[in-house]
Amino acid sequence: MLNMLRRTCKKIGETNKAFAGISFTPHDFRRICATEIVNGGLPIHIGAALLGHLNLQTTQGYVAVFNEHVVAHYQQFLNNRRSLRPAIEYGEVTEQEWAEFEEHFEKRKVELGNCARPYGTPCQHEHACIRCPVLQVNPKMLSRLEELEKDLILRRKRAELEGWLGEIDGIDKTLTFLRAKRIEAERIKQRTAVHLSLPHVRRPQD
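Residues numbered from 1 in each chain as written. Predicted model: local features only at pLDDT ≥ 70, side-chain atom pairs only at ≥ 80, totals over all residues. Heavy atoms only, no water.

Participant: Explanation requested: the overall build of the protein chain in the structure shown.
Facilitator: Secondary structure assignment for the protein chain yields eight helices and three strands. Start at the N end of the protein chain and walk to the C end: the helices and strands fall as α-α-α-α-α-α-β-β-β-α-α. Relative to its full complement of 206 residues, the protein chain shows a buried share of 23%. (Helix = DSSP H or I, 4+ residues; strand = E, 2+ residues; numbered from the N terminus. Buried < 20%, exposed > 50% of the residue type's maximum accessible area, 1.4 Å probe, protein only.)

Have a look at this one:
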């Protein structure tokens, strides 16, 4: 594939001097496609899904957009959707409604990180956060997870001595969730920024 692109670029450069000496890789076309669809008005979060990105920051690196562009594209998407609905469905947001909206996100901040439950919904797990599938553990709290794991292991040993089978079953489930959360937090911690270079002019090979 790479050799085919080089040959094609060389042929184009022979007839169009603007492309003389320029070479592309297959990945360049993926980035060009990402830039075109996002700059063409597609919301960046949908573009991220099409590209298979789990994080919007990865897509931002592809299309070289900034936070204000993300907001602008999303606002454009909302405006287009709203134009298809009856105007009576959209009223002005009151100060009280906005305050409740902000308060919801403040209350999603928990000891181990952030709760990703939907807006307007209460905590359904009585703050048993380790077992909650929507808990997003902050990598800075990995040491706290280790403390919790040690405590659970000690509790399990006591439960074994006492024959508390129900307690053992519950602790085992909690340990399973905790270890899964730790793996995810460690994966996020190790994630590094990826430098995606632009196509550049290469000297023709003799």
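Participant: Can you walk me through the pattern of salt bridges in this structure?
Facilitator: Scanning the model with the defined rule gives 12 salt bridges in all. Notably, a salt bridge pairs Glu 149 with Arg 179, separated by 2.8 Å at the nearest N-O pair. Taken together, the positions of Glu 149 in helix α7 (residues 142–162) and Arg 179 in helix α8 (residues 165–190) put the pair 30 residues apart, joining distant regions of the chain. For Arg 179, a relative accessible area of 35% corresponds to the partly exposed category. A salt bridge links Glu 149 to Arg 182, with the shortest nitrogen-to-oxygen separation between them at 2.4 Å. Residue Glu 149 is found in helix α7, and its partner Arg 182 is found in helix α8; the two are separated by 33 residues along the sequence. Residue classification places Arg 182 among the buried positions, given a relative accessible area of 18%. (Salt bridge = Lys/Arg side-chain N within 4 Å of Asp/Glu carboxyl O.)

Participant: Can you help me understand the packing of aromatic side chains in this one?
Facilitator: Tallying each qualifying case throughout the model produces two aromatic pairs. Ring centres 5.0 Å apart and planes at 70° place the aromatic pair Phe 101 and Phe 105 in the edge-to-face group. Highlighted residues: Phe 101 and Phe 105, both in helix α6 (residues 95–106), separated by four residues, approximately one helical turn. The exposure class assigned to Phe 101 is partly exposed, which follows from its relative accessible area of 29%. Ring-pair connections join several aromatic residues into one group, and the members of that group are Trp 98, Phe 101 and Phe 105. (Phe/Tyr/Trp six-rings, centres within 6.5 Å; stacked < 30°, edge-to-face > 60°.)

Participant: I would appreciate a short explanation of the state of the cysteines in the present structure.
Facilitator: Here is the idea: a disulfide is a covalent bond, and it sits between the sulfur atoms of two cysteines. Per the stated rule, a full pass over the model turns up zero disulfides. The cysteine Cys 115 is free of any disulfide, with Cys 132 supplying the nearest cysteine sulfur at 5.3 Å. Overall, the relative accessible area of 10% leaves Cys 115 in the buried class. (Disulfide = S-S within 2.5 Å.)

Participant: Even after reading the chapter, I still don't get the packing of α7 against α8, so can you show me in this structure?
Facilitator: Each pair of packed helices can be described by the angle between their axes along with the distance between the axes. Taken N-terminus to C-terminus, the directions of α7 and α8 make an angle of 160°; their axes are 10 Å apart at the nearest point. As the angle between them shows, α7 and α8 are arranged roughly antiparallel. In this structure, the crossing between α7 and α8 has a hand that is left-handed. Taken together, the residues of the contact of α7 with α8 break down into 11 nonpolar, one polar and 11 charged. (Axes fitted to C-alpha atoms, helices over the stretch in contact; angles between N-to-C directions. Parallel < 35°, antiparallel > 145°, perpendicular 65-115°, else oblique. Left-handed = near helix turned anticlockwise from the far one by under 90°. Nonpolar A, V, L, I, M, F, W, Y, C, P; charged D, E, K, R; others polar.)

Participant: Explanation requested: the side chain of Thr 174 in the structure shown.
Facilitator: You can see Thr 174 is positioned in helix α8. Within the structure, Thr 174 has its side chain in polar contact with the side chain of Arg 131 (distance 2.9 Å). Residues contacting Thr 174, with those up to four places away along its chain left out, are Ile 130, Arg 131 and Leu 152. (Polar contact = N/O pair within 3.5 Å; in protein donor to acceptor, adjacent residues only side chain to side chain. Contact = heavy atoms within 4.5 Å.)

Participant: Just checking my understanding: could you explain the nonpolar core for this structure?
Facilitator: Inside soluble globular proteins, nonpolar side chains tend to come together where they are buried. By size, the foremost hydrophobic cluster in this structure holds 13 residues, and its most contacted members are Leu 112, Ile 130, Leu 135, Val 137, Leu 145, Leu 152 and Leu 178. Only β3 (135–137), α7 and α8 provide two or more residues apiece to this core. A per-element tally of this core places α8 first, with four residues. With near-sequence residues (within four places) excluded, Leu 135 lies in contact with Val 110, Leu 112, Asn 114, Cys 129, Ile 130 and Lys 181. (Core = buried A, V, L, I, M, F, W, Y, C linked by side-chain atoms within 4.5 Å.)

Participant: Explain the sheet that holds strand β2 (residues 113–115) to me, please; I cannot follow it from the model alone.
Facilitator: Backbone-to-backbone hydrogen bonds pair the strands of a sheet. The strands run either parallel or antiparallel. Spatial ordering of the open sheet is given by β1-β2-β3, a layout of three strands whose pairing is antiparallel. If you trace the sheet from one side to the other, it starts and ends with β1 (109–110) and β3, each paired once. Summarising the sheet, β2 and β3 pair through three bridges and their orientation is antiparallel. Within β3, the position partnered with Asn 114 by the bridge is Gln 136. (Pairing = 2+ DSSP bridges.)

The analysis is restricted to geometry; functional conclusions fall outside its scope.
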